[in-house]
Amino acid sequence: MIWVIIPTYNEEKALPRTIQSVFSQSTPYRVIVVDGGSTDRTLEILQQHSQISWCMAPKGRASQMNAGARFVIQQQASADDWLLFLHADTQLPRSAFQHLHHLASDPSYQAGGFRHRFSGKDWRLRMISWLDNLRCTHSHIVYGDQALFVRQGLFTQLGGYPMQAVLEDVVFGQTLLTRTTPRLLPLTVITDSRKFVKMGIWRSFIRVLMIILHVEFGLPTFSPTFFRDVR
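Note that the structure is a prediction, hence the values are computed from the model and not measured.

K.L.:
Please clarify how helix H3 (residues 61–74) should be interpreted in this entry.
P.N.:
Here H3 spans 20 Å end to end across 14 residues, near enough to the 20 Å set by a 1.5 Å rise per residue. The element H3 is largely enclosed, with a buried count of ten among its 14 residues. Residues of H3 that are buried include every one of Ala-62, Ser-63, Gln-64, Met-65, Asn-66, Ala-67, Gly-68, Ala-69, Phe-71 and Val-72, and no others. Along its buried surface, H3 packs onto strand E1 (2–8), strand E2 (29–35), strand E3 (52–56), strand E4 (82–85), helix H6 (152–157) and helix H7 (168–176). Directly beyond the C-terminal end of H3, a positive phi value near 60° is found at Gln-76.

Dropping the structure here:
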C-alpha cells in the first residue's frame, strides 16, 4: 500500500491540482491530509472528496506529517508500506505509484524521492530546479518538495521528522542517510511556482543557495524571518 500524507495550511489555490495528480494514479493508495488550521477554503475542498481521510494537527510541516504517519500506523499499515510525503502545492507524475509498486518487493529500496521542477517557463525557475536536482544527486538528501517516500517501518524506527519549525526535511534526510541511501527516481514532480514568484525569483534563488550551503558546509542556521510564510 502507498500512503500519501499531505500537510496543508491555506492551500486552496494549489491543493485541487495536487489532489487530482494523486487521483490519476492507477496503483492502490490511500490519502491522508493533515491540516494545520486553515482559514481559507482548504477544508471545504477536502470535504468534497469522500475518499480522502483528514485530521487536524498543530501548524508546522513536521507536526502535521508526523500526525499523518501516526494515523497510518493506527490503520495497522505494514512496515514495508510506503509513506509518501507530498506538499500541497506539488503534483505527482502519472506513473509515480507504478514505479513505487515495482520497487515495493525490493528490500534494497528503503527511501527515495523524485526529480523536481517548478511550474512555468521562467529560465530562472528552471535553473533553481536544475541546481536542486544536482544537489540531491550529490548529497542524497531529499527535500520536502521532492515528494519523499520511505518505508513505514524505517520512518517509525527513525522517530519521524524532528519537531522543528524549519529544515525538518533536511535534518530527517541526514538521519535517513545513517540507515540507507535514498534513490532519486527518473520522474519529475512539479511544484507551483507562485510562492517563489511572489517572494521574488532571485531572492528565492539566494534562499535556496544559502540552504544548500548550510547543509553542505554547516553554515549557521537562519532567523525565522528567513523562512517567512508565503501564500
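K.L.:
Would you mind going over the pattern of salt bridges with me for this structure?
P.N.:
Pairing is possible between side chains that carry opposite charge, provided their charged atoms lie close to one another. Summed over all chains, the structure comprises six salt bridges. Measuring nitrogen to oxygen at the nearest pair gives 3.2 Å for the salt bridge that ties Arg-194 to Glu-11. Of this pair, Arg-194 sits in helix H8 (residues 194–199) while Glu-11 sits in the loop between E1 and helix H1 (15–23), and the two are 183 residues apart along the sequence. Residue classification places Arg-194 among the buried residues on the basis of a relative accessible area of 18%. Here Arg-194 makes a salt bridge to Asp-192, at a shortest N to O gap of 3.6 Å.

K.L.:
Hey, could you run me through helix H5 (residues 123–139) in this one?
P.N.:
Count 3.6 residues to each turn of an α-helix, and residues three or four apart come out pointing the same way. Look at H5: 24 Å from first C-alpha to last across 17 residues, which is about the 24 Å you get at 1.5 Å a residue. Every buried residue belonging to H5 is among Leu-125, Ile-128, Ser-129, Leu-131, Asp-132, Asn-133, Arg-135, Cys-136 and Ser-139, and all of these are buried. You can read the cap of H5 off the contacts: a side-chain oxygen lies 2.8 Å from the backbone nitrogen of Arg-124, and it is on Asp-122. Phi for His-140, located one or two positions after H5, is positive at around 65°.

The rules behind each value
Residues numbered from 1 in each chain as written. Predicted model: local features only at pLDDT ≥ 70, side-chain atom pairs only at ≥ 80, totals over all residues. Heavy atoms only, no water. Helix = DSSP H or I, 4+ residues; strand = E, 2+ residues; numbered from the N terminus. Expected span 1.5 Å × (residues − 1). Buried < 20%, exposed > 50% of the residue type's maximum accessible area, 1.4 Å probe, protein only. Contact = heavy atoms within 4.5 Å. Salt bridge = Lys/Arg side-chain N within 4 Å of Asp/Glu carboxyl O. Polar contact = N/O pair within 3.5 Å; in protein donor to acceptor, adjacent residues only side chain to side chain.

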